[in-house]
Amino acid sequence: MASASRASVPADSFRTISPGRRGEKAASAVPGDTAAATTLKGTAIPVRSVVASPRQVKGKAGREAARLRLQRLPAAQAEEPGEAAEEEEEEPLPSVAEDEEEAQPLPPVCLSRMRGMWRDEKVSLYCDQVLQDCKAEDADEVMGKYLSEKLKLKDKWLGVWKTNPNVFFVKYEEASIPFVGILVEVTCEPYQDSSSHFKVTVSVAEPFSSNIANIPRDLVDEILEELEHSVPLLEVYPVEGQDTDIHDIALALEVVRFFYDFLWRDWDDEESCENYTALIEERINLWCDIQDGTIPGPIAQRFKKTLEKYKNKRVELIEYQSNIKEDPSAAEAVECWKKYYEIVMLCGLLKMWEDLRLRVHGPFFPRILRRRKGKREFGKTITHIVAKVMTTEMIKDLSSDTLLQQHDDLDLALDNCYSGDTVIIFPGEYQAANLALLTDDIIIKGVGKREEIMITSEPSRDSFVVSKADNVKLMHLSLIQQGTVDGIVVVESGHMTLENCILKCEGTGVCVLTGAALTITDSEITGAQGAGVELYPGSIAILERNEIHHCNNLRTSDSSKSTLGGVNMKVLPAPKLKMTNNHIYSNKGYGVSILQPTEQFFIVTEEALNKRAASGDKKDDKMLFKVMQNLNLEMNNNKIEANVKGDIRIVTS
């Protein structure tokens, strides 16, 4: 048995089992999953019904109940099996009281082979082997049959049963005890019907072992007696040191856990889907994009929060409906409709993410709803002065026929702009929601030192600077991103110029979407949690005399997997990029990364990349020069250095 630091809890935290309660079913809710943690009197009512009849409730009972049993462990363990156990072992916890019999440490569980699978291997596993051509409404049954076949390999084995702490405790610190683990012997019996596919019989294994050092043995026995020794199969993790069949069972369990954690959606069997496996492939791609940093951390976090919010709202509706005993009142019906339509809106956002054709840059499309104003009717342009107080010194360099408007608020100035106008900003700190609604061709420039003209984002908003104009210029400014998760600057269409600006990113960097164009000169980009400059297929960018540094500043455990750094290009169709006299350094990913969808698009040998990284911008590297020609990539006199993963890299997705 492996030794480990384990939790001890106060004696009065444990549940007590009264004789009258024996034989009742204890709630074996799985921590971290709201749906599973909710005890419903019937079952989950389909979202598409506002108030379900008893017949509707009964009709879906089997599938929904089975699905709730298939939900897995806490968020701390949702990324990879075994990781949460490792995390909870990192920090020593108080020792067990001397008068308590101490449980032995838990043995290590089998590490999942899914951890090392590539994207295409996951797609092949789920789409070609497990699901094949099944329909969404048959997914539960297919998963059950898949597990049934694997469990025939061995009828008895040892595993760690990991369950919600509130099964054992009346009070506990959630952060310190993400789950209760007990070493059990699992008995897999022949299954009689689909409703029992995901339950197994367990008994406490010897020696008595747990991640809670002072958990009473008799309490565990009593809890299992309450449960009739039957627990959800997916709460059990096979331990190492058994025969090879156990590893196949462990893999099968993880395949099903991953499916219900990341690939299944509650609406799947409520809507018609001609090709369910194609939808699953898109969701695998989405998950992989989040894991490898292709979708930057802040935006990925927004998706996860949206998905979690959707699940919570769905459970709220289910609970509300289940508490309606008879025909609903008018107020109850209205409340059901309100909850239902909130779920529909969240569902729409999530579907946009899953469709690669619509995703573009996250669930913020379309961002700009404002129409172009165009020119003023009388054909004149106005110069807008943004300052608390305007003096004659501020306008001494302007021509005598310049039409002026003075504003102390940048948002107000932008709201009054028409195409051709200029906004002049004097030193100070400003915020402007209208920077995310740039549709007209204007110039926004600071007067004075760029460090003293600070424009900060509003943390409550998704976007900071977003342009859909034909030609927008930002000059001599400092853009400071605070709280927003979209790119610090997003060019949706048209052309934007950034000249002599400082961009201090907190979310993602500068993003140039398909068909848009960007020119950045004499500027500094730093702190992005993705690439400093992100070029989407079919975009155009010119970068001259810029500093791009300390990007891919991810604050998640996935940072080691990410290749993003200074500049990232997504190809097919290839973007056009011209880079001259830039300094790209100290990024956590590569200085320049080029993401291609398949190995067949073009091939660059590792030797060629290493040679290129060592030789700076030398043009004698014929292989990379050929690639650069194919990509419309022109690089001259750039200094690319001290990037953690390397200077330039072709990355295959």
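This report concerns the structure included in the present document. (Residues numbered from 1 in each chain as written. Predicted model: local features only at pLDDT ≥ 70, side-chain atom pairs only at ≥ 80, totals over all residues. Heavy atoms only, no water.)

**Some thoughts on helix α5 (residues 119-130)**
Stage number 1. Its twelve residues place the ends of α5 16 Å apart at the C-alpha level, agreeing with the 16 Å of an ideal helix rising 1.5 Å per residue.
Stage number 2. Among the residues of α5, Arg-119, Lys-122, Val-123, Leu-125, Tyr-126, Cys-127 and Val-130 are the ones counted as buried. Mapping the buried residues of α5 onto a view down its axis gives an arc of 160°, with all of them on the same face. In α5, those exposed residues whose orientation departs by more than 90 degrees from the buried face are Asp-120 and Asp-128.
Stage number 3. Residues of α5 that are buried sit in contact with α6 (139-151), α8 (244-263) and α9 (276-291).
Stage number 4. Just downstream of α5 lies Gln-132, where phi reads positive at about 55°. (Helix = DSSP H or I, 4+ residues; strand = E, 2+ residues; numbered from the N terminus. Expected span 1.5 Å × (residues − 1). Buried < 20%, exposed > 50% of the residue type's maximum accessible area, 1.4 Å probe, protein only. Arc of directions from axis to C-beta. Contact = heavy atoms within 4.5 Å.)

**Overview of the sheet that holds strand β5 (residues 236-238)**
Stage number 1. The five strands are arranged β4-β3-β2-β1-β5 in an open sheet whose pairing can be described as antiparallel. Two strands lie at the open edges of the sheet, namely β4 (230-232) and β5, each paired on one side alone. Neighbour-to-neighbour, the strand axes of this sheet turn through a mean angle of 50°, independent of strand direction.
Stage number 2. Bridge analysis of strand β2 (residues 180-187) against strand β3 (residues 199-204) gives four bridges, and the strand direction is antiparallel. (Pairing = 2+ DSSP bridges. Axes fitted to C-alpha atoms, helices over the stretch in contact; angles between N-to-C directions.)

**Side note on the environment of Ile-212**
Stage number 1. The residue Ile-212 is located in the loop between β3 and α7 (217-226) in this model.
Stage number 2. Along the backbone, Ile-212 and Gln-104 are 108 residues apart, and their C-alpha atoms lie at a distance of 9.0 Å.
Stage number 3. Once residues lying within four places of it in the same chain are set aside, the contact partners of Ile-212 are Ala-7, Val-9, Phe-14, Ala-103, Phe-169, Ile-177 and Val-180.

**Details of the sheet that holds strand β25 (residues 576-580)**
Stage number 1. Pairing is parallel across the open sheet formed by ten strands, whose spatial order is β7-β6-β8-β10-β13-β16-β19-β22-β25-β28. Sheet topology places β7 (403-407) and β28 (633-636) at the edges, where each strand pairs with a single neighbour. Taking the axes of each pair of neighbouring strands and ignoring which way they run, one obtains an average angle of 10° across the sheet.
Stage number 2. Bridging between strand β6 (residues 382-386) and strand β8 (residues 422-425) involves four bridges; their strand directions are parallel. By the bridge assignment for β8, Thr-383 is matched with Thr-422.

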